[in-house]
Amino acid sequence: MLEVKNLNLTYDGLNYILKDINFNIKKGEIVGIIGLSGAGKSSLLRALTLLKRPEGKILFNNIDLTSLSGRDLRKIRKKIGVAFQHYNLLSRKNVFDNIALPLILNKERNIEKRVIDIIKKIGLDHRIKAFPSQLSGGEKQRVSIARAIVSNPDILFLDEPTSALDPKTTEKILELILKINIEMAISTIIITHEMDVIKRICDKILYLKNGRVYYYGEVYKFFSEFENELNNEFYKDVNFNYNKLKERTGKIIKIIFYGNNVEKPILYNIAKKYNITFNILYGKIEEFKNAPFGKLIIEIEGNGAKEFIYDLQKHVYSLEVL
Ligand SMILES: Nc1ncnc2c1ncn2[C@@H]1O[C@H](COP(=O)(O)OP(=O)(O)OP(=O)(O)O)[C@@H](O)[C@H]1O
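This is a predicted model, so every value here is computed, not measured.

Some details on the sheet that holds strand S4 (residues 55–60)
With antiparallel pairing, the 4 strands of this open sheet are ordered in space as S2-S1-S4-S5. Strands with a single pairing partner mark the edges of an open sheet, and in this sheet they are strand S2 (16–25) and strand S5 (63–64).

Written out as structure tokens, the structure is:
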């Protein structure tokens, strides 16, 4: 439904901020765009929403947005919802009027019913007459999201939707985004610098580095294959001192589980089968959007080590002898 081809962006005609960006998003997918400050996330959002015209192609339902202007572009923009980082609510208008704004501007019908339906969906029916200054950060974000989806768009862009919120409110907003995604079958692109947002609700991750796509694909693959990148650039994904392994006498193995196998006693059963004793040096299980994701570092000892590794490999997402 959205296909980005050879997208490049420059502000001054000399330096390219975005370089050869290619990716596509299917209907209903949630994609997280992540990258360090200055990587080009906001610029990519501006380019995709045509606030700043890029070079290349942006095919939205097979129509190239970069070839449109004037009325055609305005018409198609109705199908693109954007919730900005700082909410951009009109301070003199109440919740109802803020949400109604896009419908009024587009001279649409049934405005009252549509706004009330959306206000119920986002759980703010009790705050319908409140003004932005009377709302909490989480409530403002709800209004901003409601305004972005009231026109029933096919795609929703959310710029840092949780960066200014506390963990509990963040969780509620993430639940709302998931609910909207499912109920409205809306493709969603989230700009974020929070890895937890990616893990919790995204199907895919687009990792931007120096204006280029460094990785685009499934979330669990990113977290299993780019550990060094995460540790160097973001935070310690594995809170474990690998140097300490030198003191160990047994074989050290790193295992990644993904899916239902996380909950089964596979490790225990296979170790028993080959008479292996194991020692867990590090372990972490996290709840990703589609399935649990677990990482284990173990030390094993016993004569059947080779057979144990061979067998275990068949039951886990990946296994590495360190
Ligand atoms: N309007 C502009 N004119 C010129 N250069 C710009 C403009 N906006 C952004 N840039 C430059 O583009 C680069 C990418 O900035 P951008 O804001 O897209 O990054 P970001 O990943 O969103 O960063 P942050 O997480 O800090 O918001 C930076 O070097 C920035 O200085």
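And the narrative resumes.
What about the packing of helix H5 (residues 137–149) against helix H6 (residues 167–184)?
Where H5 meets H6, the closest approach of the two axes is 10 Å, and the angle between their N-to-C directions is 15°. When the interaxial angle is binned, H5 and H6 end up roughly parallel. In this structure, the crossing between H5 and H6 has a hand that is right-handed. Taking contact as the criterion, the partners of Gly138, Gln141, Arg142, Ile145 and Ile149 in H5 are, on H6, Thr169, Lys172, Ile173, Leu176, Ile177, Ile180 and Met184. Its residues assigned to classes, the contact of H5 with H6 comprises 7 nonpolar, 3 polar and 2 charged.

Concerning the packing of aromatic side chains
Taken as a whole and assessed by the stated rule, the structure comprises 13 aromatic pairs. Members of the aromatic cluster, joined through ring pairs, are Tyr207, Tyr214, Tyr215, Tyr220, Phe222, Phe223, Phe226, Tyr258, Phe288, Phe293 and Tyr317.

Re the nonpolar core
Nonpolar side chains in soluble globular proteins tend to be buried together. The biggest cluster of nonpolar side chains holds 52 residues, and the ones touching the most others in it are Ile99, Val115, Ile145, Ile177, Ile201, Phe222 and Phe223. Counting residues per element, this core draws most heavily on H6, at 7 residues. Leave out the neighbours within four places in its chain, and Ile177 touches Ile145, Leu158, Pro161, Thr188, Ile190 and Ile201. In this structure, Leu18, Leu65, Ile155 and Ile189 belong to the second largest nonpolar core, which totals 30 residues.

A closer look at the domain arrangement of the protein chain
Looking at the assigned domains, one finds that the protein chain contains domain 1 (2–233) and domain 2 (243–321). Here the C-alpha centre of domain 2 lies 38 Å away from the C-alpha centre of domain 1. The interface is formed by 15 residues belonging to domain 1 together with 11 residues belonging to domain 2. Taken together, the two surfaces of domain 1 and domain 2 that pack against each other cover about 1100 Å², and 52% of this comes from carbon and sulfur. The tally of links between domain 1 and domain 2 comes to 2 salt bridges. The partner of Asp203 in a salt bridge is Lys289, and the shortest N-O contact between them spans 3.1 Å. On the surface where domain 1 and domain 2 come into contact, there are 3 residue pairs in polar contact (both at pLDDT 80 or more). Elements that contribute at least two residues to the side of domain 1 that touches domain 2 include exactly H6, helix H7 (195–201) and helix H8 (219–225). Residue classes in the side of domain 1 that touches domain 2 are distributed as 7 nonpolar, 2 polar and 6 charged.

Focus: the site of the ligand
Around the ligand, a shell composed of Tyr11, Ile17, Leu36, Ser37, Gly38, Ala39, Gly40, Lys41, Ser42, Ser43 and Arg46 is seen. In this structure, Lys41 approaches the ligand through a side-chain N or O atom, which is 2.8 Å from an oxygen atom. About the coverage of the ligand: the protein hides 55% of its 630 Å² of free accessible area. Ranked by the residues each element gives to the shell around the ligand, the list is headed by helix H1 (residues 41–48), at 4 residues. Across the shell around the ligand, the residue classes tally to 4 nonpolar, 5 polar and 2 charged.

Reading the values: the criteria
- Residues numbered from 1 in each chain as written.
- Predicted model: local features only at pLDDT ≥ 70, side-chain atom pairs only at ≥ 80, totals over all residues.
- Heavy atoms only, no water.
- Pairing = 2+ DSSP bridges.
- Helix = DSSP H or I, 4+ residues; strand = E, 2+ residues; numbered from the N terminus.
- Axes fitted to C-alpha atoms, helices over the stretch in contact; angles between N-to-C directions.
- Parallel < 35°, antiparallel > 145°, perpendicular 65-115°, else oblique.
- Left-handed = near helix turned anticlockwise from the far one by under 90°.
- Contact = heavy atoms within 4.5 Å.
- Nonpolar A, V, L, I, M, F, W, Y, C, P; charged D, E, K, R; others polar.
- Phe/Tyr/Trp six-rings, centres within 6.5 Å; stacked < 30°, edge-to-face > 60°.
- Core = buried A, V, L, I, M, F, W, Y, C linked by side-chain atoms within 4.5 Å.
- Buried < 20%, exposed > 50% of the residue type's maximum accessible area, 1.4 Å probe, protein only.
- Domains from an automatic or database assignment.
- Buried area = accessible area lost by both parts, 1.4 Å probe.
- Salt bridge = Lys/Arg side-chain N within 4 Å of Asp/Glu carboxyl O.
- Polar contact = N/O pair within 3.5 Å; in protein donor to acceptor, adjacent residues only side chain to side chain.
- Near = heavy atom within 4 Å.
- Areas by Shrake-Rupley, 256 points an atom, 1.4 Å probe, with all protein chains shown as cover.

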